[in-house]
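Summary of the model geometry
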Amino acid sequence: MKRDYVTAFFALIGTFLVLYILLPLVVIISKQLLDWEMLMKTLHDELVLDSLKNSLLTSTATMIISLFFGVPLGYVLARKDFRGKSFVQAVVDVPIVIPHSVVGIMLLVTFSNRILDSYLGIIMAMLFVSAPFTINAARDGFLAVDEKLEHVARTLGASKLKAFFTVSLPLALPSIFSGAIMTWARAISEVGAILIVAYYPKTAQVLVMEYFNNYGLRASRPISVILVLLSLTIFIVLRWLVGRSRNA
Amino acid sequence: MKRDYVTAFFALIGTFLVLYILLPLVVIISKQLLDWEMLMKTLHDELVLDSLKNSLLTSTATMIISLFFGVPLGYVLARKDFRGKSFVQAVVDVPIVIPHSVVGIMLLVTFSNRILDSYLGIIMAMLFVSAPFTINAARDGFLAVDEKLEHVARTLGASKLKAFFTVSLPLALPSIFSGAIMTWARAISEVGAILIVAYYPKTAQVLVMEYFNNYGLRASRPISVILVLLSLTIFIVLRWLVGRSRNA
Amino acid sequence: MLRVENVNKDWKEFKLREISFEVNKGEYFIILGPSGAGKTLLLEVIAGIFIPDSGRIFMNDEDITFLPPEKRDLAYIPQNYALFPHMRVYDNIAYGLKVRKTPKSEVEKKVKEIAEILGISHLLHRKPKTLSGGEAQRVAIARALVLEPKLLLLDEPFANLDVQTKAKLIQEMKRWRRELNFTALHVTHSFEEAVSLGDRVGVMLNGRLIQTGEVREVFGKPKNEEVARFLGFENIIEGIAEGRILKANGILIELPIEVKGKVRIGIRPEEIIISNEPIKTSARNEFKAKVLAIEDLGSLIRLTLDIGGIELKAFITRSSLIEMAIKEGKEVYASFKATAIHVF
Amino acid sequence: MLRVENVNKDWKEFKLREISFEVNKGEYFIILGPSGAGKTLLLEVIAGIFIPDSGRIFMNDEDITFLPPEKRDLAYIPQNYALFPHMRVYDNIAYGLKVRKTPKSEVEKKVKEIAEILGISHLLHRKPKTLSGGEAQRVAIARALVLEPKLLLLDEPFANLDVQTKAKLIQEMKRWRRELNFTALHVTHSFEEAVSLGDRVGVMLNGRLIQTGEVREVFGKPKNEEVARFLGFENIIEGIAEGRILKANGILIELPIEVKGKVRIGIRPEEIIISNEPIKTSARNEFKAKVLAIEDLGSLIRLTLDIGGIELKAFITRSSLIEMAIKEGKEVYASFKATAIHVF
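Values in this document were obtained by computation on a predicted structure and should not be read as measured data. (Residues numbered from 1 in each chain as written. Chains lettered and ligands numbered in written order. Predicted model: local features only at pLDDT ≥ 70, side-chain atom pairs only at ≥ 80, totals over all residues. Heavy atoms only, no water.)

A short note on the overall build of chain C
Assigned secondary structure in chain C consists of nine helices and 18 strands. Overall size of chain C, expressed as C-alpha extent along the three principal axes, is 75 × 45 × 30 Å. Each of the 344 residues in chain C was classed as buried or not, and the buried ones make up 57%. Within chain C, contacts between residues at least 6 apart in sequence are counted, and of these 64% link residues at least 24 apart. Accessible area of chain C: about 14600 Å², with a carbon and sulfur share of 48%. Taking the average location of the 52 positive side-chain charges in chain C and that of its 48 negative ones, the two points are 4 Å from each other. (Helix = DSSP H or I, 4+ residues; strand = E, 2+ residues; numbered from the N terminus. Buried < 20%, exposed > 50% of the residue type's maximum accessible area, 1.4 Å probe, protein only. Contact = heavy atoms within 4.5 Å. Areas by Shrake-Rupley, 256 points an atom, 1.4 Å probe, with all protein chains shown as cover. Lys, Arg positive; Asp, Glu negative; His and termini not counted. Charge placed at Lys NZ, Arg CZ, Asp CG, Glu CD.)

Take a look at the structure:
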C-alpha cells in the first residue's frame with residue numbers, strides 16, 4: 001500500500017538501532033584502513049600473534065568439546081520424553097543470564113586454583129558460556145528430522161546406532177554445524193570470565209583490554225579490527241551455511 | 001522401548017554438560033550459605049549496594065531503550081518485505097559474535113571520550129550486546145500473529161495504528177516481554193565492554209572483578225552469589241512467562 | 001451496490017484477470033471456483049487489504065479503490081474466522097463498535113441483540129479458543145453483522161466445519177438473511193453452498209470470472225466447456241415444494257424428503273432412465289420427454305431432453321441408443337427415482 | 001505367517017484394543033478404518049517401533065513381540081513415504097542392502113532390477129524432493145521390496161496422490177504382486193483400495209478390529225450396524241469380465257467400460273430400480289429377483305433381493321412399496337444402468 005505511514009514511522013524508529021550497530025563496525029574498520037602502518041605492525045607483534053593463536057586454539061577446543069557432549073544431549077532432548085526434561089532444558093539455558101565475571105568466580109569457587117591461569121581454565125570458562133548454542137542447535141536439528149525416517153531405516157535393517165549415523169546425524173548436520181560455529185564465536189567473544197579464571201595464557205580478547213589499559217585506544221584498535229574481521233567472516237560463513245541448508 | 005542402550009549411552013554423555021553447568025551454581029550458592037556472616041556484611045557494604053543499584057539502573061534503562069526502538073523494528077521485519085531485509089537482519093545478529101572487549105573499543109573509537117566512564121557509556125555498551133534479543137523476540141512475536149487479524153480489525157473500522165495497539169501488540173506482548181527480560185539479563189551479564197568503556201560508575205559485575213583482583217576469591221563470592229540469585233530469579237520468571245504464554 | 005471493474009492483481013502465485021461484476025443491494029452473491037482460483041485475493045482487494053494493479057472498485061457509485069479498509073464500511077470474514085484470541089467473545093463482537101467510540105450502553109445492547117439472533121448469547125464470556133468450529137463461525141458473523149455493514153465478505157465460511165454443522169449453518173444463514181437483510185459476497189468451492197444460498201453466482205477459474213448469472217442459469221447453461229467440466233452437476237431444477245412434491249414449471253416431482261417453500265434439486269445425468277414406453281417401476285418420477293440433442297462422449301452418450309419446458313441431461317450407453325433408436329426430436333420417457341434427487 | 005494376538009497399546013490419543021488377526025503367506029490383507037482408528041499405531045507395533053502394552057506378535061510362529069525392528073525382516077512404508085532426503089533415489093533403494101553389507105555389484109544388480117519392475121530406472125540419480133507423489137511412492141515401495149521382506153507394511157500408500165496417479169498405482173500394485181509375490185498388510189480408509197487390492201479385509205473402528213474376512217463377505221454381511229454404517233457401499237459383486245460383460249455366479253452384467261479378468265463391481269442400493277414386470281429401458285441390466293427381506297429405514301425402505309444366487313440391496317420409497325405390493329418372497333424385476341456400476 002502506498003499510504004502506509006505507520007510502517008514508515010516504525011521503520012524510521014527501528015533504523016536507529018540498525019545504524020547504532022552498523023556504525024561502530026564501519027567506523028573502526030575504515031579508521032584502521034587509514035592507519036595501515038599500525039595494522040601491519042600489529043600483525044608482526046609476537047605478543048599479538050601468540051594471543052590470537054591462543055584464542056583460536058581455546059575456542060576451537062571448546063567447540064570440539066561441546067560437539068562431543070552437546071550432540072548426544074541434543075539428540076536425547078529431541079527424541080525422548082523423561083521426567084525432569086524441562087529442568088534439564090532450563091539448566092542448559094542458564095549460562096546466558098549469568099554475569100560473565102560471576103561465571104569466572106563460580107568456576108574458581110568450584111574447581112579452585114587447579115584451573116587458574118591455564119588453557120584448561122580458559123576452555124572451561126568458554127565452555128560454560130558457549131555450550132548452550134551447540135546443545136540447542138543440535139536439539140533443533142534433530143527435532144527437524146522426521147522420526148519416521150529413523151523408523152524406516154530400522155525396519156530396513158539398520159541398528160539404532162547405524163540409523164543415527166546414516167540418517168539422523170547427516171540430516172541434522174547443517175543445524176549442528178551452525179550451532180558449533182555460534183559456540184566458537186561466543187567462546188572467542190568471552191572476556192569477563194576469562195579475565196578472572198585465566199589472565200594468562202593471554203588470549204587476543206584479553207590482550208585488547210590490556211593494550212587499552214596500558215597504551216590506550218590507538219594501540220588496541222588494530223587487534224580489535226583483526227578480531228572483528230575474524231568474527232564477521234565466521235558470521236557470514238554461518239549465515240551462508242544456514243541459508244544453504246534451509247534451501248537444500 | 002526397554003532395551004534402548006544407544007539413547008542411554010547418549011544420555012550418559014550428555015549428562016556431563018548438564019552437570020558441568022549445574023555444579024558451579026550449586027557449589028557457589030551452598031558454600032555461601034555456610035558463610036552467612038560474609039553475605040550479610042556484603043549486603044551492608046555501601047560500595048556493593050551502590051554498584052548493584054548502578055547495574056539494575058543501567059540494565060533497566062537498556063531494556064527500555066531497546067523496547068522503544070526494537071519493537072517497531074521487529075514489527076517491520078515481521079510484516080514487510082523490502083530490499084536489503086536480509087542485510088538488516090544480519091546486522092541485528094552481528095553483536096552476538098563480536099568479542100566483548102572489542103565492542104568496547106569499537107564504541108570508544110566511534111563515539112570517542114564523550115561516553116567514557118559515564119552511565120551513558122555503560123548503557124551504550126549494554127545496548128550494543130543486548131538489543132538483538134528484544135528485536136528478534138519482537139519480530140518472532142509479530143510473525144506469530146496472523147496478519148488476517150489485523151486485516152479484520154481494519155475492515156471493522158480500526159486504523160492501522162489502532163489495529164496495531166489493540167490486536168498485534170497485545171498478542172505479541174508475551175514474546176516481546178520475554179525478549180525484554182533476555183535483554184535485561186544479557187545487559188546485566190556484560191563485563192568486557194563495560195570494563196573498557198566505563199570502569200566507573202561501578203557496576204556490580206565489574207565490582208566482582210575488582211574485589212577478586214584486590215581482595216581475592218572469598219571477598220568476591222558473596223556479591224557473585226547475589227548476582228546469580230538475581231539472574232536466576234529473572235530467568236525463572238522468564239521461563240514461567242514464556243511457558244504460560246505458550247499455553248495461553 | 002458493489003461494482004468491480006476490470007480489476008487485475010498479481011500477488012504471490014495468485015492472480016486476478018479483468019474481474020468485473022456487480023452485487024446488488026440485498027443480494028447474496030456467490031463466487032464459485034476451485035482452490036487457487038484467486039477467490040481470497042479478490043475478497044482482499046475488495047476489502048482494501050490490497051490495492052489492485054489496475055481497475056476500479058465502486059460502492060454505491062463511490063470509487064473506493066484506494067480507500068483504506070477501515071473507511072469502506074464492509075465486513076470481512078476470512079476462512080479461519082480470525083477471532084481475536086486475546087478477547088472474550090463479547091469483546092470480539094464489540095470490537096468494531098468500540099473502535100467507533102459507540103457509548104457503552106449501546107455497545108452492550110447491540111452485542112446482546114446480535115448474539116441473541118445468532119444463538120451465541122451463552123458464549124459471550126468464553127475465549128475464542130474454547131469454541132467449536134460452528135460456534136467460532138457464528139461469532140465471526142456476529143462481529144461483522146453487529147456493525148450493519150453495507151456488504152459482508154465471506155471466505156469459504158463453512159469449509160472447516162463437519163457436514164452436520166455445515167448443513168445447519170447454511171439453513172441458519174438463510175434465516176439470518178431474512179431477519180437482518182444484509183448483502184453478501186461469499187466465495188466458496190462448494191456447489192452445495194452455491195446452490196443453497198446464492199441468488200446469483202459467478203464462476204471463477206484461474207483468476208478470471210468466466211460466467212455470472214442466476215444459479216439455475218449458470219448450472220444449466222455453462223458458458224463453455226471449462227465451466228461445464230468444473231460444475232459437473234448438470235440438472236438443477238428450481239420449484240416450490242409442498243411436503244414431498246415439488247412444483248416446477250408445471251410439472252410435479254416427488255421428493256425423497258418433506259420440505260416446504262422454494263427449493264432447488266439436483267439430479268445427476270447418469271441417474272435418469274430413458275424408455276420408449278411408460279414404465280411402472282419404483283422410479284417415482286416419470287415424464288414424457290423430447291430429445292433435443294445427442295452428444296457422443298466416447299463410451300457414453302449425453303442426451304438433452306425437454307420435459308414440460310425443463311431441460312434435463314441424461315447419460316445412456318451407446319447400445320441403448322442404438323437399440324432404442326433414439327434420434328433428435330424423438331419422444332421418449334424419462335424417469336428417475338425420488339431417492340436419486342439431491343435437495344439443496 | 002503374521003499372527004497378532006490380543007494386542008493392546010495406548011499411545012497419545014491413539015489406542016489398540018484386543019487386536020487379533022492373521023495374515024497368510026502371499027496374501028494382501030487390508031485394514032480398513034476411518035482416520036484416528038489406530039491403524040498407523042497397529043503398523044508401528046507390528047514393525048517393532050512400539051512394544052505393545054500386552055499381547056503377542058508372531059512371524060512364522062516365532063514370537064517377535066520384543067524383537068527390535070531391524071531383526072523382524074519386514075518393511076514399513078509410512079504414509080509420507082519417508083524417503084531419505086539426503087540420498088539420491090539409488091542410495092535410498094540400496095540403503096537396506098548396504099546396511100546388510102551386500103557386495104557392491106550385487107547391490108547394483110538388485111537395485112536396477114527392482115527399479116526396472118517399478119518403472120523408476122530413469123529416476124535413480126534424482127534427489128527425493130524433486131519427485132512427484134507417485135514417483136516418491138514407487139521409490140518407497142522399491143526400497144522396501146528390494147530386500148524381499150517377509151511382509152510389507154503399507155500405511156495409506158495412496159492417500160496423498162491425485163485420482164489418476166492413485167488409480168494407476170493401484171493397477172500397477174496388482175502387477176507387482178504377481179511379479180514379486182510378496183505378502184502385504186495395507187491400512188487405508190479408502191473402500192476403493194480395499195475392494196481393488198484386498199484378498200481379505202479387516203474393519204477397524206476405535207482401536208478395535210471389529211470384523212475380518214473376505215472382501216465380499218465383509219462388505220456384503222457387515223457384522224454389526226457400526227460396520228455397516230462405516231462401509232456404506234452395500235452391493236459388491238465379484239466375477240470374471242470379458243470386454244463389457246461380467247460373468248458372476250451364472251448371471252451376466254453389462255459394464256460401462258471394457259475390462260478383462262477378475263474384477264469386482266459396486267452398485268449403490270439407491271441405483272437399483274424395482275418393477276413388477278420386465279421393462280424395456282436404457283437400464284441395460286435387468287434380473288428376475290426374489291425379495292428376501294424388507295427393512296424400514298424411516299423415509300426409505302431397504303429390500304434385500306436374490307438374483308441368481310447373488311444378494312442385492314435396493315432402496316425404494318414407501319409409496320413404491322405399497323403401490324407395488326412388495327412382500328417378502330415376492331418375485332420382482334431389479335434393473336440398474338450400466339453407467340451406475342463402479343468397477344474396482
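Topic: the overall build of chain A
In terms of regular secondary structure, chain A is built from eleven helices and zero strands. Start at the N end of chain A and walk to the C end: the helices and strands fall as α-α-α-α-α-α-α-α-α-α-α. Within chain A, buried positions represent 62% of all 248 residues. If you take every contact in chain A between residues at least 6 apart in sequence, the share linking residues at least 24 apart comes to 77%.

A few points about the sheet that holds strand β6 (residues 74-77) of chain D
Residues and elements named next belong to chain D. As summarised here, the arrangement of the six strands in space is β6-β7-β8-β3-β9-β10, forming an open sheet in which the pairing is mixed. Two strands lie at the open edges of the sheet, namely β6 and β10 (208-214), each paired on one side alone. Taking each pair of neighbouring strands and ignoring which way they run, the sheet shows an average axis angle of 15 degrees. Here four bridges tie strand β3 (residues 28-32) to strand β9 (residues 200-205), and the two strands are oriented parallel to one another. Looking at the pairing, Ile30 lines up with Val201 of β9. Strands β3, β6, β7 (151-155), β8 (184-188) and β9 of the sheet are contacted by helix α1 (residues 39-47), whose axis makes an angle of about 155 degrees with β7. Running at roughly 165 degrees to β6, helix α4 (residues 133-145) makes contact with β6 and β7 of the sheet. (Pairing = 2+ DSSP bridges. Axes fitted to C-alpha atoms, helices over the stretch in contact; angles between N-to-C directions.)

Observations concerning the sheet that holds strand β12 (residues 251-267) of chain D
Residue and element names in this part refer to chain D. Pairing is antiparallel across the open sheet formed by three strands, whose spatial order is β11-β12-β18. The sheet is open, and its two borders are formed by β11 (235-248) and β18 (342-343), each paired with just one other strand. Sheet topology note: the β11/β12 ladder contains 13 bridges and is antiparallel. By the bridge assignment, Glu242 is partnered in β12 with Lys260.

Some points on the interface of chain B and chain C
On the chain C side, the residues contacting the 21 residues of chain B number 27 residues. Buried area between chain B and chain C, both sides added, is near 1900 Å², and the carbon and sulfur share of it is 65%. The largest contributions to the chain B side of the interface with chain C come from B:Lys148, B:Thr155 and B:Leu156, which together make up 35% of the buried area. Taken together, the connections running from chain B to chain C amount to two salt bridges. Here B:Lys148 makes a salt bridge to C:Glu44, at a shortest N to O gap of 2.7 Å. Taken together, the connections running from chain B to chain C amount to six residue pairs in polar contact (both at pLDDT 80 or more). Every element with two or more residues in the side of chain B that touches chain C is listed here: α7 (147-155) and α8 (160-189) of chain B. (Buried area = accessible area lost by both parts, 1.4 Å probe. Salt bridge = Lys/Arg side-chain N within 4 Å of Asp/Glu carboxyl O. Polar contact = N/O pair within 3.5 Å; in protein donor to acceptor, adjacent residues only side chain to side chain.)

Some remarks on the interface of chain B and chain A
The accessible area lost on association of the parts is a frequent measure of interface size. The interface of chain B with chain A comprises 86 residues on the first partner and 86 residues on the second. Around 7900 Å² of area is buried between chain B and chain A when both sides are counted, 83% of it from carbon and sulfur atoms. Linking chain B with chain A are zero salt bridges. Counting the contacts that link chain B with chain A gives ten residue pairs in polar contact (both at pLDDT 80 or more).

Things to note about the relation of the copies chain B and chain A
Rotating chain B by 180 degrees and translating it 0.0 Å along the rotation axis places it on chain A, where the RMSD comes to 0.0 Å. The superposition operator between the copies reduces to a two-fold rotation axis. Proximity to the rotation axis, assessed at the C-alpha, singles out B:Gly192 in chain B; its C-alpha lies 2.6 Å from the axis. When the interface residues of chain B are mapped onto chain A, 100% of them again fall at the interface, so both copies present the same face. (Least-squares fit on C-alpha atoms with pLDDT ≥ 70 in both.)

Considering the confidence of the model for chain A
The pLDDT averaged across chain A works out to 90; a share of 97% of its residues lies at or above 70. Of all secondary-structure elements in chain A, the lowest mean pLDDT belongs to helix α11 (residues 217-247) of chain A, at 83, while helix α6 (residues 119-143) of chain A reaches the highest, 95. (pLDDT = per-residue confidence, 0-100.)

Some remarks on the packing of helix α4 (residues 85-93) of chain A against helix α1 (residues 5-34) of chain B
Interhelical geometry of α4(A) versus α1(B) gives an angle of 65 degrees and a closest axis separation of 9 Å. On the basis of their axis angle, the class for α4(A) and α1(B) is roughly perpendicular. Considering how the two elements wind past one another, α4(A) and α1(B) form a crossing that is left-handed. Contacts from A:Phe87, A:Val88, A:Val91 and A:Val92 in α4(A) reach B:Val18, B:Ile21 and B:Leu22 in α1(B). (Parallel < 35°, antiparallel > 145°, perpendicular 65-115°, else oblique. Left-handed = near helix turned anticlockwise from the far one by under 90°.)

Concerning the packing of aromatic side chains
Tallied over the full model, the rule gives 36 aromatic pairs over all chains. Ring plane angle 85 degrees and centroid distance 5.5 Å describe the contact between A:Phe10 and B:Tyr75, whose orientation is recorded as edge-to-face. Pair noted here: A:Phe10 is in helix α1 (residues 5-34) and B:Tyr75 is in helix α3 (residues 46-79), and the two residues belong to different chains. Both residues of the pair, A:Phe10 and B:Tyr75, count as buried. (Phe/Tyr/Trp six-rings, centres within 6.5 Å; stacked < 30°, edge-to-face > 60°.)

Quick look at α3(B)
Residue and element names in this part refer to chain B. Taking 1.5 Å as the rise per residue, α3 with 34 residues should run 50 Å; its terminal C-alpha atoms sit 49 Å apart, in good agreement. Of all the bends in α3, the largest measures some 35 degrees and sits at Gly70, one to four residues before the proline Pro72. Where α3 begins, the capping side chain belongs to Asp45, and its oxygen is found 2.9 Å from the backbone nitrogen of Leu47. (Expected span 1.5 Å × (residues − 1). Bend = angle between axes of the 7 residues up to and from the residue.)

Thoughts on the environment of B:Val102
All names here are of chain B. Take Val102: it is sitting in helix α5 (residues 100-111). Judged by relative accessible area, which is 0%, Val102 ranks as buried. Expressed as a C-alpha distance, the spacing of Val102 and Arg139, which sit 37 residues apart in the sequence, is 27 Å.

Observations concerning unusual backbone geometry
Put simply, A:Tyr200 and A:Pro201 share a cis peptide bond, and its omega is -10 degrees. Turning to its location among the elements, A:Pro201 is positioned in the loop between α9 (192-197) and α10 (204-215). A positive phi angle, near 55 degrees, is found at D:Lys101, a position not held by glycine. With respect to the secondary-structure elements, D:Lys101 resides in the loop between α2 (89-99) and α3 (104-118). Judged by its relative accessible area of 66%, D:Lys101 is exposed. Residue D:Asn206 is not a glycine yet carries a positive backbone phi of 50 degrees. Inspection of the secondary structure assignment puts D:Asn206 in the loop between β9 and β10.

Considerations on the packing of α10(A) against α5(B)
α5(B) packs onto α10(A) with a crossing angle of 40 degrees between their chain directions and a minimal axis gap of 8 Å. When the interaxial angle is binned, α10(A) and α5(B) end up oblique. Each of A:Gln205, A:Val208, A:Met209 and A:Phe212 in α10(A) lies in contact with α5(B), whose residues at this interface are B:Ser101, B:Val102, B:Ile105 and B:Leu108. Of the residues contributing to the contact of α10(A) with α5(B), the split by class is six nonpolar, two polar and no charged. (Nonpolar A, V, L, I, M, F, W, Y, C, P; charged D, E, K, R; others polar.)

A few points about α1(B)
Between its terminal C-alpha atoms α1(B) stretches 41 Å, which fits the 44 Å expected from 30 residues at 1.5 Å a residue. Along its length, α1(B) reaches its greatest deviation from straightness, about 25 degrees, at B:Leu22, and the proline B:Pro24 lies no more than four positions downstream.

A word on the nonpolar core
In a soluble, globular protein the nonpolar side chains are often hidden away together inside. Judged by nonpolar contacts, the single largest core of 135 residues is most densely connected at A:Ile98, A:Leu107, B:Ile98 and B:Leu107. Apart from residues lying up to four places away in sequence, A:Leu107 is in contact with A:Ser112, A:Ile115, A:Met124, A:Ala125, A:Phe128, A:Val197, B:Tyr20 and B:Pro24. (Core = buried A, V, L, I, M, F, W, Y, C linked by side-chain atoms within 4.5 Å.)

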